[in-house]
Amino acid sequence: MSLADALDVASLVFLALGALLSLAAGVGLARFPDPLSRMHAATKPQIAGLLFVLIAVGLQSEQWGTVAMLFPILLFQMLTAPVSAHMVGRAAYRTKHLRRDLLVIDELSDAVDRAQRERASGEKRT
Amino acid sequence: MTILQASFIAVGVVFFVAAALAVFRIVRGPSILDRMIATDMLVATLICTFAAEMVYSGHTRSLTIMLILAMVAFIATVAVTRYVSKQDPS
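Keep in mind that this is a model prediction, so the values were computed, not measured.

### Here we look at the packing of helix H4 (residues 64–94) of chain A against helix H3 (residues 63–84) of chain B
Alright, step 1. Taken N-terminus to C-terminus, the directions of H4(A) and H3(B) make an angle of 10 degrees; their axes are 9 Å apart at the nearest point. For the element pair H4(A) / H3(B), the angle class is roughly parallel.

### Details of the packing of aromatic side chains
Residues and elements named next belong to chain B.
Alright, step 1. Evaluation of the coordinates by the stated rule reveals 2 aromatic pairs over all chains.
Alright, step 2. Between the aromatic rings of phenylalanine 8 and tyrosine 56, the centroid separation amounts to 5.2 Å while the plane-to-plane angle is 65 degrees, which identifies the pairing as edge-to-face. In this pair, phenylalanine 8 is assigned in helix H1 (residues 3–28) and tyrosine 56 in helix H2 (residues 32–57), connecting sequence segments 48 residues apart.
Alright, step 3. Phenylalanine 8 gets classed as buried once you look at its relative accessible area, which sits at 16%.
Alright, step 4. Relative accessible area serves as the criterion here: at 47%, tyrosine 56 is assigned to the partly exposed category.

### A word on the interface of chain A and chain B
Alright, step 1. With 49 residues of chain A at the interface, the matching set in chain B holds 45 residues.
Alright, step 2. Of the roughly 3,900 Å² buried between chain A and chain B, counting both surfaces, carbon and sulfur atoms make up 79%.
Alright, step 3. On the chain A side of the interface with chain B, the three residues burying the most area are Leu12(A), Leu29(A) and Arg94(A), jointly 14% of the side's total.
Alright, step 4. The partner of Arg38(A) in a salt bridge is Asp34(B), with the nearest N and O atoms 2.5 Å apart.
Alright, step 5. At the junction of chain A and chain B, the tally comes to 5 residue pairs in polar contact (both at pLDDT 80 or more).
Alright, step 6. Elements with a contribution of two residues or more to the side of chain A that touches chain B: helix H1 (3–31), helix H2 (35–42), helix H3 (44–60) and H4 of chain A.

### Structural notes on the environment of Ala56(A)
Alright, step 1. Relative to the elements of secondary structure, Ala56(A) occurs in helix H3.
Alright, step 2. Look at Ala56(A) and you get buried, because its relative accessible area is 0%.
Alright, step 3. When the C-alpha atoms of Ala56(A) and Leu12(A) are compared, they prove to be 6.9 Å apart, with 44 residues separating the residues in sequence.
Alright, step 4. The contacts of Ala56(A), once residues within four sequence positions are left out, are Ser11(A), Phe14(A), Leu15(A) and Val55(B).

What counts and what doesn't
Residues numbered from 1 in each chain as written. Chains lettered and ligands numbered in written order. Predicted model: local features only at pLDDT ≥ 70, side-chain atom pairs only at ≥ 80, totals over all residues. Heavy atoms only, no water. Axes fitted to C-alpha atoms, helices over the stretch in contact; angles between N-to-C directions. Helix = DSSP H or I, 4+ residues; strand = E, 2+ residues; numbered from the N terminus. Parallel < 35°, antiparallel > 145°, perpendicular 65-115°, else oblique. Phe/Tyr/Trp six-rings, centres within 6.5 Å; stacked < 30°, edge-to-face > 60°. Buried < 20%, exposed > 50% of the residue type's maximum accessible area, 1.4 Å probe, protein only. Contact = heavy atoms within 4.5 Å. Buried area = accessible area lost by both parts, 1.4 Å probe. Salt bridge = Lys/Arg side-chain N within 4 Å of Asp/Glu carboxyl O. Polar contact = N/O pair within 3.5 Å; in protein donor to acceptor, adjacent residues only side chain to side chain.

These results come straight from atomic positions and should not be treated as a statement about function.
This is how it looks when you write it as structure tokens:
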């Protein structure tokens, strides 16, 4: 078994890991009951799955330029995925698209109540 | 067909099933937020599939597509959720 064959097998293993993470996200999307838990499942291929398939591409590449191109892909995905996840979670909480009976703890409701009290008292003073 | 080729086909089938489940959630999704979550995941799966295809064919032409998708995929989600949360005071 030469080095190229070993690299082929290694990148195939990493590809399979990424594919399985995508499949887990798909199953979670189809089966989970509310947007917040679906969000938890859908973030799997965005960072971890992408990391695995990029490692697979990097093992196959013969030039350093290709590997250098892989880092910005992961960097931009890591920068933008939390932004969209934050916005979706915020909108899901505010429009009450979540199942309260599935929540163990809701720490955000305390902060929302406090902000509303502070705004009400501030309006009284002015 | 070698074992390596068969494994690549298996990887492709797994990616296809993941994307099909995401499309199922986009069609079914009770709220628009479910649809945006599924769209995000579909784009992530698409990027991973581009990478898998590059490993299979041994070229590097899809790298720029992956980079552009990773950069701009979140804009649609942000735009939609911005208008969904109407109670936003700012």
